[in-house]
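Now for the letters of each chain:
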Amino acid sequence: QESPFAFLGRLSASSQRACGHVFALGDIAWNCRTCQKDNTCVLCADCFEASEHKNCRYRMSTSEGGGYCDCGDPEAFTRFSSSGVSCLHGSHQSA
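Before going into details, it helps to say that this report is about the structure given with it. (Residues numbered from 1 in each chain as written. Predicted model: local features only at pLDDT ≥ 70, side-chain atom pairs only at ≥ 80, totals over all residues. Heavy atoms only, no water.)

1. Details of the pairing of strand β1 (residues 28-32)
1) Next: In terms of burial, β1 is largely enclosed, as 4 of its 5 residues are buried.
2) Next: Note that β1 and strand β2 (residues 58-62) share 5 bridges and pair antiparallel. When the bridges of β2 are listed, N31 appears paired with R59. (Buried < 20%, exposed > 50% of the residue type's maximum accessible area, 1.4 Å probe, protein only. Helix = DSSP H or I, 4+ residues; strand = E, 2+ residues; numbered from the N terminus. Pairing = 2+ DSSP bridges.)

Pasting the structure below:
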């Protein structure tokens, strides 16, 4: 049976619109207090820096590892997701 970490890693490498960056222990995770639909919706540092969310109310925290970036998930944020992408660097497609 595939571990949750292996599944999240495989998911982040697949062709999808969501970023899917898998957080390692100690990574910085950003919560957009203005736009998040719940407290589990987070952005990785790259997506946060490239997003409109930095103009919102936000909180930075240290990840315990295992979660993934929700950037591009239209079910994660109430704003900046009409295109399915919350950050400004375009869709998250694998090369």
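2. Examining the nonpolar core
1) Next: L43, C47, C69 and F77 are the most contacted members of the largest nonpolar core, which totals 17 residues.
2) Next: Here this core gets 3 residues from one element, more than from any other, and that element is β1.
3) Next: Discounting chain neighbours no more than four positions away, the residues touching C69 are C19, G20, H21, F23, V42, L43, C44 and C47. (Core = buried A, V, L, I, M, F, W, Y, C linked by side-chain atoms within 4.5 Å. Contact = heavy atoms within 4.5 Å.)

3. Re the side chain of S51
1) Next: By the element assignment, S51 lies in the loop between α2 (45-49) and β2.
2) Next: On the basis of relative accessible area, S51 is assigned to the buried category, the value being 1%.

4. Some remarks on the layout of surface pockets
1) Next: Put simply, the largest pocket is a space of about 190 Å³.
2) Next: The wall of the largest pocket is formed by 14 residues, among which F23, A29, V42, S63 and G67 lie closest to the centre.
3) Next: Within the residue set of the lining of the largest pocket, elements represented by two or more residues are β1 and β2.
4) Next: By residue class, the composition of the lining of the largest pocket is 4 nonpolar, 8 polar and 2 charged. (1 Å grid on protein atoms, 1.4 Å probe; cavity = no way out; pocket = protein on both sides within 12 Å on 5 of 7 lines; lining within 4 Å. Points joined across faces, edges and corners; volume = space filled by probe spheres on them. Nonpolar A, V, L, I, M, F, W, Y, C, P; charged D, E, K, R; others polar.)

5. Details of the side chain of S63
1) Next: Note on placement: S63 falls in the segment after β2.
2) Next: A relative accessible area of 12% places S63 in the buried class.
3) Next: Dropping the residues within four chain positions of it, S63 is found in contact with F23, A24, L25, G26 and D27.

6. Describing the environment of F48
1) Next: The topology assignment puts F48 in helix α2.
2) Next: Taking the C-alpha atoms as reference points, F48 and C71, separated by 23 residues in sequence, lie 8.4 Å from one another.
3) Next: Setting aside anything within four residues of it in sequence, one finds F48 in contact with W30, L43, H53, K54 and Y58.

7. Section: the packing of aromatic side chains
1) Next: Enumeration over the complete set of coordinates arrives at 3 aromatic pairs.
2) Next: Summarising the aromatic geometry, the rings of W30 and F48 are spaced 4.1 Å apart at their centres and angled 0° between planes, so their arrangement reads as stacked. Within this pair, whereas W30 is found in strand β1, its partner F48 is found in helix α2, the two being separated by 18 residues in sequence.
3) Next: Judged by relative accessible area, F48 falls into the buried class, the value being 3%.
4) Next: Plain terms: the ring middles of W30 and Y58 are 5.5 Å apart, the flat faces sit at 65° to each other, and that makes the pair edge-to-face. Placement of W30 in strand β1 and of Y58 in strand β2 is noted, with a sequence separation of 28 residues between them.
5) Next: By relative accessible area, which is 40% here, Y58 ends up partly exposed.
6) Next: Taken together, the ring pairs in this structure connect W30, F48 and Y58 into an aromatic cluster. (Phe/Tyr/Trp six-rings, centres within 6.5 Å; stacked < 30°, edge-to-face > 60°.)

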